[in-house]
Structures are given as C-alpha cells and as structure tokens.
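Descriptive structure summary
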Amino acid sequence: KAGVTQTPRYLIKTRGQQVTLSCSPISGHRSVSWYQQTPGQGLQFLFEYFSETQRNKGNFPGRFSGRQFSNSRSEMNVSTLELGDSALYLCASSLEAGLAKNIQYFGAGTRLSVL
Amino acid sequence: DAKTTQPPSMDCAEGRAANLPCNHSTISGNEYVYWYRQIHSQGPQYIIHGLKNNETNEMASLIITEDRKSSTLILPHATLRDTAVYYCIVRVVGTDKLIFGTGTRLQVFP
C-alpha cells in the first residue's frame, strides 16, 4: 500500500507570492492533518480535515488555508508569502478522525523556501 | 493542551537498551501519550502509544507511570539506524491534533 504522498517535494517562491501544496493520503484514510516544521518553532499543527470539513485549526494567520476533496486528498494554500514561511510542510493521514486508536502516518514533506 | 518535556539529547551504545524519558505532568485523563521519531528531516514515523497501561510492539516498549505524569520509551537493542529525534506527544482523544515538543536527539554509537 502506498504511503502518504506530498507534492511537490521542493518549492522555491518569492515574497508576496502564493503557493499550493498537495497531499494524497494512504488509500482508505479519510483524515488529513497538516504541520509546519521550522528550526526555531519545531513541529506545529496547522489544521485537520475529515470528510471535507476542517475539524481543528492551529494558531496560524488566515494566510494559511486548506481544503479536502471528496477523495480525501487535501491541499493547503499560503498566500502573500513571507520569509518566515520557509519551512518543511508535513501532511499526515489516519483512518478515521479522532479515534483513540488512531495512528497518523506522515508523508516526506514539501520543503518550501521563500526568497 | 498538555505539554511534554524531554532531555535535548542522549547517547546510547549499539546493542544496548535506549531509555528515553518524558515528563507530561499536566496530562489530562483523556489524553494519550504517543511517540514518534524523525530521521534527518524525513516525515515523523510512528513508534508506539498508550493511555495508562504499559505497551509493547515490535519496535519498542512504553512504560507509563501510575500517576501518568511521565513515561519512558525503551528501544531494547538500539542500532545505528535508531539515531533520530524522538518526540513524546500528547493527543486529545477526539482530535487528530498532535502537540510536538522539542524532542530528544538520540545518537547511537558503535
């Protein structure tokens, strides 16, 4: 079974641009979460989606948004990029949302560099 | 949301047991303890999780104290490939939100 797939793996953008990152969960998984990892702040939760609905949101500005499609694939968008948005963006999928036995499986991430 | 405290780094000889401690003194009754590891900027890899009982799987053992304020991850026979950053995480049941701490960088040496 294929793992969580994130595309693209690497991305270079300039300040002010916007970017869209994609995540394909493991087949059969319906819950998708996004995380940002930076050297200074570590791994931080961005948002969680299940059945095309955002269930939880982390403490990030409105420039960060996401969505989930009916096939459980998810995208996240960052508008008006800032230098501080340079990070590794990780997507994780799980079978269902919020279950006690849930295990989240992470993708390899998209490394975004903002110049 | 409960926070976790881990030592920033630890060393372990290859073939010996690695015992990684974690404090989560503010954990609530409905929060699970999860352990993940991350090898050189790859995506975090799930290791094990538990609520209040000790757990064991093919990768590791998890020992949770009776008051649930701390836990220890045990890698019984560490190998060089176990060199990674290990994260102790609490998760609120009902959400998939993982709250990562700073982790412990485990270095396994020959």
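These figures come from a predicted structure and were not determined experimentally. (Residues numbered from 1 in each chain as written. Chains lettered and ligands numbered in written order. Predicted model: local features only at pLDDT ≥ 70, side-chain atom pairs only at ≥ 80, totals over all residues. Heavy atoms only, no water.)

1. Observations regarding unusual backbone geometry
To keep things clear, this is the line we draw: Secondary structure elements are taken from DSSP: a helix is a run of H or I of four residues or more, a strand is a run of E of two residues or more, and numbering for both begins at the N terminus. Burial classes: relative accessible area under 20% of the type maximum marks a residue as buried, over 50% as exposed, and values in between as partly exposed (1.4 Å probe, protein chains only).
Omega for the peptide link from Thr7 of chain A to Pro8 of chain A comes to -10°, which places this bond in the cis form. Position of Pro8 of chain A among the secondary structure elements: in the loop between strand E1 (5–7) and strand E2 (10–13). Phi at Ser51 of chain A is positive, roughly 50°, even though this residue is not glycine. Tracing the backbone through its elements, the reader meets Ser51 of chain A in the loop between strand E5 (42–50) and strand E6 (53–57). The class for Ser51 of chain A is partly exposed, based on a relative accessible area of 39%. Positive phi values are uncommon outside glycine, yet Arg68 of chain B reaches one of about 65°.

2. Things to note about the packing of aromatic side chains
Geometrically, a pair of aromatic rings is defined through the distance of the ring centres and the angle of the planes. Under the convention used in this document: Aromatic rings from Phe, Tyr and Trp, with only the six-membered ring used for Trp, were paired whenever their centres fell within 6.5 Å, and each pair was classed as stacked if the ring planes differed by under 30 degrees, edge-to-face if by over 60, and tilted otherwise.
Summed over all chains, the structure comprises 12 aromatic pairs over all chains. Measuring from ring centre to ring centre gives 5.7 Å for Phe47 of chain A and Tyr49 of chain A, while their planes differ by 65°; the resulting arrangement is edge-to-face. Considered together, Phe47 of chain A and Tyr49 of chain A belong to a single accessibility category, that of buried residues. Judged by centre distance (5.7 Å) and plane angle (75°), the rings of Tyr36 of chain B and Tyr46 of chain B are edge-to-face. Of this pair, Tyr36 of chain B sits in strand E3 (residues 31–38) while Tyr46 of chain B sits in strand E4 (residues 45–50), placing them 10 residues apart in sequence. The pair Tyr36 of chain B / Tyr46 of chain B is uniform in exposure class, with both members buried. Members of the aromatic cluster, connected to one another through ring pairs, are Tyr35, Phe45 and Phe106 of chain A together with Tyr32, Tyr34, Tyr36, Tyr46, Tyr87 and Phe100 of chain B.

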